[in-house]
Amino acid sequence: MDRPRRFPQEHLHLCFCSAALFVAAAACPYVMPKLAVKPMQNAFLLIAFPSRGTVSAALDAITDISGGKVNIHVLMALAAFASVVYGDALEGGLLLAMFNLAHIAEEYFTSRSMIDVPVHDLQVGSYILVGAGESVPVDCEVFQGNATITIEHLTGEVKPLETKAGDRIPGGARNLDGRMIVKARKNWKESTLSKIVQLTEEAQLSKPKLQRWLDQFGEQYSKVVVVLSVAVALLGPFLFKWPFFGTSACRGSVYRALGLMVAASPCALAVAPLAYATAISSCARKGILLKGGHVLDALASCHTIAFDKTGTLTTGGLAFKAIEPIYGHRVRNNKSDFSSCCVPSCEKEALAVAAAMEKGTTHPIGRAVVDHSEGKDLPSVSVESFEYFPGRGLVATVNGIELGTEGGKLLKASLGSVDFITSLCRSEDASKRIKEAVDASSYGTDFVRAALSVNEKVTLIHFEDRPRPGVLDVIAELKDQAKLRIMMLTGDHESSAWRVANAVGINEVYSSLKPEDKLSHVKGVSRDMGGGLIMVGEGINDAPALAAATVGIVLAQRASATATAVADVLLLRDNISGVPFCIAKSRQTTSLVKQNVVLALTCIVLASLPSVLGFLPLWLTVLLHEGGTLLVCLNSIRALNHPTWSWRQDLWHLVNELKSRFEFSRKLATSSNTTQAAPPVSL
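What you are looking at is a predicted structure, and each value in this text was computed from that prediction instead of being measured.

**What to know about the nonpolar core**
Side chains that are nonpolar tend, in soluble globular proteins, to be buried together. Core analysis: the largest hydrophobic core is formed by 46 residues, its most contacted members being Ile305 and Leu478. In terms of residue count, the dominant contributor to this core is helix H25 (residues 578-612) (7 residues). Those residues within four positions of Ile305 in sequence are excluded, and the remaining contacts are Leu478, Leu484, Arg485, Ile486, Met487, Ile534, Val536, Val579 and Ile583. Counting 25 residues, the second largest nonpolar core, distinct from the first, contains Ala368, Leu394, Leu415 and Ile461.

As structure tokens, then:
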């Protein structure tokens, strides 16, 4: 269903018009000899044939000048027009032909940095047949059939996914094999692919600081070029004794001025920021959306990166760790005597009650309890009544538990934070003793915990938030390769924060932070360090810090709407593996843009000086000028390559690639020689 890329019709028109102008101007002295000595009539040819689009070069120049604009198109039109008036229609036609062809190539390279996506007028509920090799146009649900799809170009997830009836598929997913009928769940504007395209287009339109400066500089620069060209034409005969019009021995000042006007045009400077658009497209193909080219500059300027813990460095989903009876249970030798206290055991009793109370919950602790209880041989427990206290815990009346001689009796159970459980105690002494037992827990404070009270017997349930797979490698790369200062900002308590930090290799931790505390830390670090700070998070409590950071990065799949709105970078994959890529890409892009500016200025100087000195004909000046523009475009396309952290890595990769190719060629040659030397087989 992907629409094939077609060569734009205006480009074809441009080619034909330029070719016609060139041929007509070149043939005039031979077909109509009288026209060759009438430069003003030759100029009519230039006006008659369009130079770009459907508007003539002369009319374009008049329109831009009347609007107070002097740009590359004005300079080229004036140079070509003056060439014809000067009596050299051949060079005027060649100038425009090469200029137009160069811009066709420039637009081709620019188009490679864009995302070309078909727009489908599909209604919600429409059925679509998707065959092998085709793409799903909008967010859909599989209605019939099975297929293997890939969403690598959307999220960067390399592993293919198997789909069946009932599965949901994001728009843009590509079918690798199989056939399926899908039902549209969203229209184009609401689909995942549309949002990616919209964000990418907005990012490419959002100009970074350097590009805005070049736009402003380019217009003033063009006016300076016109003034200098006029000065060369008028003052050359007086200062350097050049003839006003050229002779067989020396090029005239007017001709030199035309060369300067062409050579010094800021065309190459104008396309220097193309690397930004290319980099944004490269990131989008990896499942990383940037909200503008300025984000790349900001990322490259940062020296510190701060991570939220829960849901960012960790999975965000709690995993069951242990059950610990701490109060009210019968003990012997400081150890719980499970055989004589609870039936069948204290652990199973607590797990059965907690699972019954949390059944159907969406709370992370409740889900962890229910998930851990599945498939285990537990006593049957029913909940007779239920009361929920938001943010604190819940109270229920349970039945079906055998507690010594009290089997079958309705009991009151409560589950929640330690403070919630102690607030329900009948006496201050019991509350104090429970808190002391919690403080003496053998598991310390390293884990997330909840307290369960059944018949005044209290049990601690411990949970752990495990680090995401691959986080250790990400932190190591940011520390060793990117040379960033890395810290953790979390609202969790100190011991739990340090447990995760030690597991992933972070040495600077700030814990027990409220949203306003995170904001204060971000502002303080940015102020004290004197450089930018990157904040990576996903929760609504991270939103203030994300907004205040130099660059905010969020995990789009789990991020709150507020966090997504204030973030500068959206990671479509549900992990932080894209963070090093972002930073490396930003440094690569800023380096390429600087190279482009230097390359553009060098080409302008190398083409301008010989033109003014009379060493270059006009057509060769145009060739050098447009050649510089194409070099800048080619250099910008390098932003599509995978970024590295230093030029040494680039050189090392190049050497290894050349070495592998050499070894492959040698093996191929050896194999060919062995085949030729083999004796014939007799039959």
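The structure having been displayed, the exposition proceeds.
**A few points about the sheet that holds strand S20 (residues 532-537)**
Strand order in the open sheet formed by 7 strands is S8-S22-S21-S20-S9-S18-S19, and the pairing between neighbours is mixed. Here the strands that pair on one side only, and so sit at the sheet edges, are strand S8 (288-290) and strand S19 (509-510). Relative to strand S22 (residues 569-571), strand S21 (residues 551-555) runs parallel, the two being bridged by 3 bridges. Residue pairing for S22: Leu555 is matched across the bridge by Leu571. Each of strand S9 (302-307), strand S18 (485-489), S19 and S20 touches helix H22 (residues 515-529); the most contacted strand, S18, lies at about 160° to it.

**Points about the sheet that holds strand S14 (residues 393-399)**
Spatially, S10-S17-S16-S15-S14-S13 is the arrangement adopted by the 6 strands of the open sheet, whose pairing is antiparallel. In this open sheet, the two edge strands, each paired with only one partner strand, are strand S10 (319-327) and strand S13 (382-389). Averaged over all neighbouring strand pairs, the angle between strand axes comes to 20°, with direction disregarded. As paired strands, S14 and strand S15 (residues 411-416) are joined by 6 bridges and run antiparallel to one another. The residue of S15 that forms the bridge with Val395 is Ser414. Together, S10, strand S16 (448-454) and strand S17 (457-464) form the strand contacts of helix H17 (residues 364-373), whose direction differs from that of S17 by roughly 95°.

**Thoughts on the packing of helix H20 (residues 471-480) against H25**
Remark: H20 packs on H25, axes separated minimally by 9 Å, with the N-to-C direction vectors making an angle of 25°. By the angle between their axes, H20 is roughly parallel relative to H25. Contacts between H20 and H25 involve Val474, Glu477 and Leu478 from the first element and Val579, Pro580 and Ile583 from the second. Residue composition of the contact of H20 with H25, by class: 5 nonpolar, no polar and 1 charged.

**Comments concerning the pattern of salt bridges**
All chains considered together, the criterion is met by 11 salt bridges. Across the pair Glu464 and Arg499 runs a salt bridge whose closest N-O atoms are separated by 3.9 Å. In this pair, Glu464 sits in strand S17 while Arg499 sits in helix H21 (residues 494-504), placing the two residues 35 residues apart along the sequence. Residues participating in the shared-partner salt-bridge network are Asp308, Lys518 and Asp542.

**As for the UniProt feature "transmembrane region" (unreviewed entry) in the protein chain**
Look at the UniProt record and you will see "transmembrane region" (unreviewed entry) annotated at residues 74-99, 221-242, 254-276 and 597-620. Helix makes up 74% of residues 254-276 and strand makes up 0%, while its end C-alpha atoms are separated by 39 Å. Secondary structure across residues 597-620 comprises 79% helix and 0% strand; the distance between its end C-alpha atoms is 22 Å.

So, how was this worked out
Residues numbered from 1 in each chain as written. Predicted model: local features only at pLDDT ≥ 70, side-chain atom pairs only at ≥ 80, totals over all residues. Heavy atoms only, no water. Core = buried A, V, L, I, M, F, W, Y, C linked by side-chain atoms within 4.5 Å. Buried < 20%, exposed > 50% of the residue type's maximum accessible area, 1.4 Å probe, protein only. Helix = DSSP H or I, 4+ residues; strand = E, 2+ residues; numbered from the N terminus. Contact = heavy atoms within 4.5 Å. Pairing = 2+ DSSP bridges. Axes fitted to C-alpha atoms, helices over the stretch in contact; angles between N-to-C directions. Parallel < 35°, antiparallel > 145°, perpendicular 65-115°, else oblique. Nonpolar A, V, L, I, M, F, W, Y, C, P; charged D, E, K, R; others polar. Salt bridge = Lys/Arg side-chain N within 4 Å of Asp/Glu carboxyl O. UniProt positions renumbered as here; feature names shortened; annotations may be inferred.

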